[in-house]
Protein chains: 4
Amino acid sequence: MRRDQFRPPKGVFTRSVPVRFSHCDPAGIVYFPHYFDMFNGLIEDWYGEELGYDYASLIMDSQYAFPFVHIECDFKIPSRMGEVIELTLLVERVGRSSLGIAIVCHRDGLERLRARMVTAMMSLETGQPVSLPQLLRDKIESYRKRISDGIAS
Amino acid sequence: MRRDQFRPPKGVFTRSVPVRFSHCDPAGIVYFPHYFDMFNGLIEDWYGEELGYDYASLIMDSQYAFPFVHIECDFKIPSRMGEVIELTLLVERVGRSSLGIAIVCHRDGLERLRARMVTAMMSLETGQPVSLPQLLRDKIESYRKRISDGIAS
Amino acid sequence: MRRDQFRPPKGVFTRSVPVRFSHCDPAGIVYFPHYFDMFNGLIEDWYGEELGYDYASLIMDSQYAFPFVHIECDFKIPSRMGEVIELTLLVERVGRSSLGIAIVCHRDGLERLRARMVTAMMSLETGQPVSLPQLLRDKIESYRKRISDGIAS
Amino acid sequence: MRRDQFRPPKGVFTRSVPVRFSHCDPAGIVYFPHYFDMFNGLIEDWYGEELGYDYASLIMDSQYAFPFVHIECDFKIPSRMGEVIELTLLVERVGRSSLGIAIVCHRDGLERLRARMVTAMMSLETGQPVSLPQLLRDKIESYRKRISDGIAS
C-alpha cells in the first residue's frame, strides 16, 4: 500500500477519535463501517462547532435531512485499538442543494484513508432536494475558501 | 434522483434483508453505515453458501483477512423500516490478491443503491497482500463467468 | 462459569442467528451490545411472524414506541464467529402497558446467555405509557399460555 | 416514570457524551444498545485516564479480556438527538477476578438510566477467570474508597 503524506491546511476542522475496542474486528483493526459512522459524527460537529448550525435542530425542527448520494473511500493504512486518529474535513464543492466533502483520516502525517462524500439537502416531507439556505451556503463557502487559502499559502 | 431498473442475472447470489427498526435513523430511513454492514454479511454468506468456503475459518484458522481497499457507492432510493430489500452480489474482477465486487441493493426491479468494492487478501501476520489460493480464485472466476453468461443470455 | 441446560418448550418462537465477523471483537467473541440488537430483531420478528402485527406499521403509522424500561442479562458462554446461535423468546408477564419477556440464547442444549427485559407501550405524542390494545394483549397472552403448557407437558 | 435526582460524588469519573443522529432510532430517541456501547467506552477511558492502565495494551499484549458476566439496567428518561448526557462511573465491588461497576447516565441533576455491570478478568488463552493484578486492584479499591468518602462527606 502507498504511503501518502498529509498535512492538514491551517484552520481546517480536525477532530481526534480514539480507536476503541468496540471499533475493532477479530483482526484487531477498525471494522470499516465504523469509519462512516465516525465521519457522520465529524460532519455533525462541524455543523455545530464550525458553522454554528445545530444539526439536531436542523433535522428535528426544520424537517430536513442530509442523506448521502455518493461516497467513495480509499483505505490505505489500517488503524488499531488504542491508537488516536485524526479526522479532517475539507469542502470540495458547494452546489445548489448538494455539498461535496472530503474527509481525511490521518496519523503522524500519513493518510490512513480518504473519503469523498456528496450529501444533498432534502425535505423530509416531500422527499425532494431543496436549496441550501443562503446563510448556510455562505458559511460553508467561506470555510471552503479559508481552507483553500490555507493550503495555498 | 434517477430510477434505475435492475434485473438480477440468472443464478446470481441474492439475499433478502428486512429493514429493521435498528437500521433506521430519526428520518425513518436506513442509516447508511448499516448498508456496509449488510454488504459484509452478504459477502460472508456468499463465501460460505456459494463458494463453499467457511469465512470464519479462513480468518480464524488461516490467519488471513480481507480488508477493503476501495469502496464507492451511489445511493439512489432510501429504504424504510419494514421493507424487505434484496442484495445481489456481482464479481467485477479477480486479481492476484484482490477482488472487485459490486453489490446491488434493489426492490421491485429498481436499484436502490449500488456499491463497488475492492477487497484484498492479506496475511494477518505480515500485513502484506497474499495471492488468492488457486481453488478460491477458480471458484470465484467460475461464479463470475456463470453470472456474465446469465446476463448475456 | 455454570453450564445450564436449555430445552426450548414446544411451539416456542426461536430464530437462528449466524455469528458474523462484524459481531465479534478483537477477542474473537461477540461484542455484547450486539446481543441486544439481535434481541430487538427477534422481538420484531416475533411481532410479525407469531403475533401477526407489523412492527414497522405499529411504530410508523400508529405512533407508538416500545421502549425498554428494564433489562437484565446473564452472560454464561461466549459465542464465536462462525457459530450459529439460537434465540428463543418467552413471555414472562403481560401487564396493562408493559410486557415482560425473556430471551434465551442457546446452542447444543446449553444456555449461553439469558436476558429478562421489560418493555412498555408508549405514545410517541405524549411520552406516556398507553394500554396494550386488547387484541395484541390477547395474542401475547395466548402465546404465553401455549408455551407454558408446552413446558408443563 | 420516576424522576430520580442524581448528584455525582466529588472526584468521580464522569464524561459527557453528545447524543448523535446515529444513536437515535425512528422514534428520535437513543436506540438502547448504543448505551451499552457508550458504557464500554466510558470504562475504557476510566482505565486509561483514572487508573493509568492502557486498556488496549491490557487486551492486545497481555492477552486478557474483561467480558461482562451480568448486566442490569433501568431506563428512566429517554435521551434525544442533540442533548449532551453525562456518564458517571461508580465502583460497587472489587472481587478476586470480578469487578462490580455502576454507571449512571444523568442530565440536569436527574438520572436517565442506571446500569449495574459485573465484569470478570479472563485469560484469552485458557478462557478461565484470572485474579486481578494486585496493582490494578489497589487502584480500583482506592478509587472506590475515594468516591465513597466523597458521597459520605
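### Some remarks on the interface of chain D and chain C
Taken residue by residue, the interface counts 21 residues in chain D and 21 residues in chain C. Of the roughly 2,000 Å² buried at the junction of chain D and chain C (both faces included), carbon and sulfur atoms supply 69%. A per-residue breakdown of the area chain D buries against chain C is headed by Phe-32, Ile-71 and Phe-75 of chain D, which together make up 23% of the total. Summed over the shared surface of chain D and chain C, the number is 0 salt bridges.

### Description of the packing of helix H1 (residues 33-50) of chain A against helix H1 (residues 33-50) of chain B
Across the interface, H1 of chain A lies against H1 of chain B with an axial gap of 8 Å and an inter-helix angle of 180°. As judged from the angle between their axes, H1 of chain A and H1 of chain B are roughly antiparallel. Taking contact as the criterion, the partners of Pro-33, Phe-36 and Asp-37 of chain A in H1 of chain A are, on H1 of chain B, Pro-33, Phe-36 and Asp-37 of chain B. Looking at side-chain class alone, the contact of H1 of chain A with H1 of chain B contains 4 nonpolar, no polar and 2 charged residues.

### What to know about the interface of chain C and chain A
Accessible area lost during the coming together of the parts is what is often quoted as the interface size. Between chain C and chain A, the contact holds 8 residues from the first and 8 residues from the second. Interface area, chain C with chain A, both sides summed: about 750 Å², of which 79% is carbon and sulfur. On the chain C side of the contact with chain A, Phe-21, Pro-26 and Tyr-31 of chain C bury the most area, a combined 63% of that side's loss. Across the chain C-chain A interface, the total number found is 0 salt bridges. Linking chain C with chain A are 0 residue pairs in polar contact (both at pLDDT 80 or more), by the criterion used here. Here the residues of the side of chain C that touches chain A sort into 5 nonpolar, 2 polar and 1 charged.

### Points about the sheet that holds strand S3 (residues 68-75) of chain C
Pairing is antiparallel across the open sheet formed by 10 strands, whose spatial order is S1(C)-S4(C)-S5(C)-S6(C)-S3(C)-S3(D)-S6(D)-S5(D)-S4(D)-S1(D). The open sheet terminates on both sides in strands that have one partner only, identified here as strand S1 (13-18) of chain C together with strand S1 (13-18) of chain D. Strand-to-strand twist across the sheet, computed as the mean angle between neighbouring axes with direction ignored, equals 20°. When strand S3 (residues 68-75) of chain D meets strand S6 (residues 110-120) of chain D, the two strands line up antiparallel, connected through 7 bridges. The residue bridging His-70 of chain D from the neighbouring strand is Val-118 of chain D, located in S6 of chain D. In the packing of helix H1 (residues 33-50) of chain C onto the sheet, the strands contacted are S1, S3, strand S4 (84-94), strand S5 (98-107) and strand S6 (110-120) of chain C, and the crossing angle to S4 of chain C comes to about 65°.

### Here's the deal with the relation of the copies chain D and chain C
Superposition of the two copies of the chain requires a rotation about an axis together with a shift along that axis. Under the fitted operation, chain D is carried onto chain C by 0.0 Å of movement along the axis and a turn of 180°, and the coordinates agree to an RMSD of 0.0 Å. Such a combination of turn and shift is consistent with a two-fold rotation axis. Across chain D, the rotation axis passes nearest the C-alpha of Glu-72 of chain D, at a separation of 2.0 Å.

### Side note on the pairing of strand S6 (residues 110-120) of chain A
All names here are of chain A. Taken together, the 10 bridges between strand S5 (residues 98-107) and S6 define a ladder with antiparallel strand orientation. Paired with Arg-107 across the two strands is Leu-110, which belongs to S6. Connecting S5 to the next strand, S6, in antiparallel fashion are 2 residues, including Asp-108 with a positive phi near 55°.

What counts, and where the lines are drawn
Residues numbered from 1 in each chain as written. Chains lettered and ligands numbered in written order. Predicted model: local features only at pLDDT ≥ 70, side-chain atom pairs only at ≥ 80, totals over all residues. Heavy atoms only, no water. Contact = heavy atoms within 4.5 Å. Buried area = accessible area lost by both parts, 1.4 Å probe. Salt bridge = Lys/Arg side-chain N within 4 Å of Asp/Glu carboxyl O. Axes fitted to C-alpha atoms, helices over the stretch in contact; angles between N-to-C directions. Helix = DSSP H or I, 4+ residues; strand = E, 2+ residues; numbered from the N terminus. Parallel < 35°, antiparallel > 145°, perpendicular 65-115°, else oblique. Nonpolar A, V, L, I, M, F, W, Y, C, P; charged D, E, K, R; others polar. Polar contact = N/O pair within 3.5 Å; in protein donor to acceptor, adjacent residues only side chain to side chain. Pairing = 2+ DSSP bridges. Least-squares fit on C-alpha atoms with pLDDT ≥ 70 in both.

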